[in-house]
Structure formats: structure tokens, C-alpha cells
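Chain by chain, the residues:
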Amino acid sequence: MSKIAVFFAEGYEEIEALTVVDICRRSNIVTDMVSVTGEPNVKGSHGINVEMDKMLAKVDFADYDGIVLPGGMPGTLGLEACQELMEQVDAFYGEGKMVAAICAAPSIFGHRGILKGRRACCYPSFESHLEGAEVTAGPVEVSGNVITSRGMGTAIPFALAIVEKFCGAEAAEEMGKSIIWN
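Now for a quick tour of the structure. (Residues numbered from 1 in each chain as written. Predicted model: local features only at pLDDT ≥ 70, side-chain atom pairs only at ≥ 80, totals over all residues. Heavy atoms only, no water.)

A few words now on the overall build of the chain. A tally of helices and strands in the chain yields six helices and 11 strands. The principal-axis extent of the C-alpha atoms belonging to the chain is close to 35 × 35 × 35 Å. By residue count, 52% of the 182 residues in the chain fall in the buried class. In the chain, the share of contacts with a sequence separation of at least 24, taken over all contacts with a separation of at least 6, comes to 62%. (Helix = DSSP H or I, 4+ residues; strand = E, 2+ residues; numbered from the N terminus. Buried < 20%, exposed > 50% of the residue type's maximum accessible area, 1.4 Å probe, protein only. Contact = heavy atoms within 4.5 Å.)

Below, the structure written as C-alpha cells:
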């Protein structure tokens, strides 16, 4: 069974983070919510406080098949400021494991050189941060082991792309039907 971690910093975008958690768990992908703040509860950009499954210090990254970075401000900045997480993003990317980011968070991949020569998308005012990417206005871009998406309104197709990565196209299509997507 596949296992992913969704990372939370103060000011994350609630819908982007929790849609991924919900849809991936419905698809039987083990999905942990991980705090990078040192606190067991993390408040989103719209004041929604969520209890995490794990703290970053207790995560064994070897157990995971993928990393997901939700956007939001200042959540994206908080994720990027977390050196231990950034080291793991680089390691997962280098090992060919899935790295996924939505909204402002794909900017982190751009800053780290992960998007060079890849199609990628992000929240409209962050395109300049997608260094080396072929920037698109698509809702989701899957380029090898890298998945990017544009924002809150694309959270469902983003989550379904993650499901497809781990469970296949048919499972993603069935999940989309079961949640009345499209």
C-alpha cells in the first residue's frame, strides 16, 4: 500500500491540503498530516485549526512514497523555511519518488531546480518562481515524478492526479465518479 505525507505550516490553504488528505485516504493511500511547526495543531490561512497525525521530528521518511506541499500564505514560506523538509524534497525528487505541490508551493520546486525542463503550473502570480519550467495554465501538470497544480479550485484534480500516480487511471476515474467530480 502506498504512503504519502502532506506537510502543514501555519497559514496553509485548507482546501488544498485537506482535499488531498481526504481523497487519498478514500483511495486507500495511507496519508499522514505532518506538522513542520513543532505544534500538534496547525492553523490554516483562514483560521481553521487542524490536529496533525505526526510531528516532523517523528517522521521516518523512508516509510513514504511521496511528499505533498499545499500552498497558501504564509504556509508556503513556512514549508520552504523548513530545512529538514527541503532536504527530503530534494532526496525524494532525486530518488524518483513523487513530489507534489499546489498553488504557491510549486515555487519551492522552482527555487530548488526541480522544474527545469518540465511542464508545471502554479497560482497565477507565482509563475516567475517556476525557474526553468514550461509554465502552463492547466489545472494540473504531471511531469515524471513531479505533480503541480494551480490552487484551491484545482484541489480535486490535483488529488486525483496523486491517486492516479499510486493507484492507476481507472482508480482515479472511479474516485472522481464516486465524489461526483465532473
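This brings us to helix α6 (residues 169-178). Every buried residue of α6 is accounted for by Ala172, Met175 and Gly176. Angularly, the buried residues of α6 cover 100 degrees about the axis, an arc narrow enough to put them on a single face. Summarising the geometry of α6, the exposed residues directed more than 90 degrees from the buried face are Glu170 and Lys177. Turning to α6, the residues buried within the fold contact α1 (14-26) and α5 (155-167). Positive phi appears at Ile180, one or two residues downstream of α6, with a value of about 60 degrees. (Arc of directions from axis to C-beta.)

So, on to the sheet that holds strand β2 (residues 30-35). The strand order across the open sheet built from seven strands is β5-β2-β1-β6-β7-β11-β10, with neighbouring strands paired in mixed fashion. At either margin of the open sheet sits one strand with a lone partner, and together these are β5 (54-55) and β10 (140-143). Bridging between strand β1 (residues 3-8) and strand β6 (residues 66-69) involves three bridges; their strand directions are parallel. What sits directly across from Ala5, in β6, is Ile67. Its contacts with the sheet put α1 on β1, β2, β6 and β7 (98-102), and the angle it makes with β1 is roughly 165 degrees. (Pairing = 2+ DSSP bridges. Axes fitted to C-alpha atoms, helices over the stretch in contact; angles between N-to-C directions.)

Right, let's talk about the pattern of salt bridges for a bit. Following the criterion strictly, the structure yields 10 salt bridges and no others. Between Arg25 and Asp53 there is a salt bridge; the shortest N-O distance is 2.6 Å. Of this pair, Arg25 sits in helix α1 while Asp53 sits in the loop between β4 (49-51) and β5; the two residues are 28 residues apart in sequence, bridging distant segments of the chain. A salt bridge links Lys97 to Glu95, with the nearest nitrogen and oxygen atoms 3.9 Å apart. Residues participating in the shared-partner salt-bridge network are Lys3, Asp32 and Lys54. (Salt bridge = Lys/Arg side-chain N within 4 Å of Asp/Glu carboxyl O.)

This part takes up the nonpolar core. Ranked by size, the top nonpolar core spans 31 residues in total, and within it Phe7, Leu69, Leu85 and Phe109 carry the most contacts. When contributions to this core are tallied by element, the ones reaching two or more residues are β1, β6, α3 (83-94), β7 and α4 (106-111). Sorting elements by how many residues they give to this core places α3 first, with four residues. Other than its neighbours up to four places away in sequence, Leu85 contacts Phe7, Val36, Ile67, Leu69 and Leu79. By size, the runner-up hydrophobic cluster in this structure holds 30 residues, among which are Cys24, Val42, Val50 and Val140. (Core = buried A, V, L, I, M, F, W, Y, C linked by side-chain atoms within 4.5 Å.)

Compared with the 18 Å implied by 1.5 Å per residue over 13 residues, the 18 Å span of α1 between its first and last C-alpha is a close match. Taken residue by residue, α1 has Glu14, Glu16, Ala17, Thr19, Val20, Val21, Ile23 and Cys24 as its buried positions. Buried positions along α1 lie against β1, β2, β6, β7, α5 and α6. Phi turns positive one or two residues past the end of α1, at Asn28, with a value near 65 degrees. (Expected span 1.5 Å × (residues − 1).)

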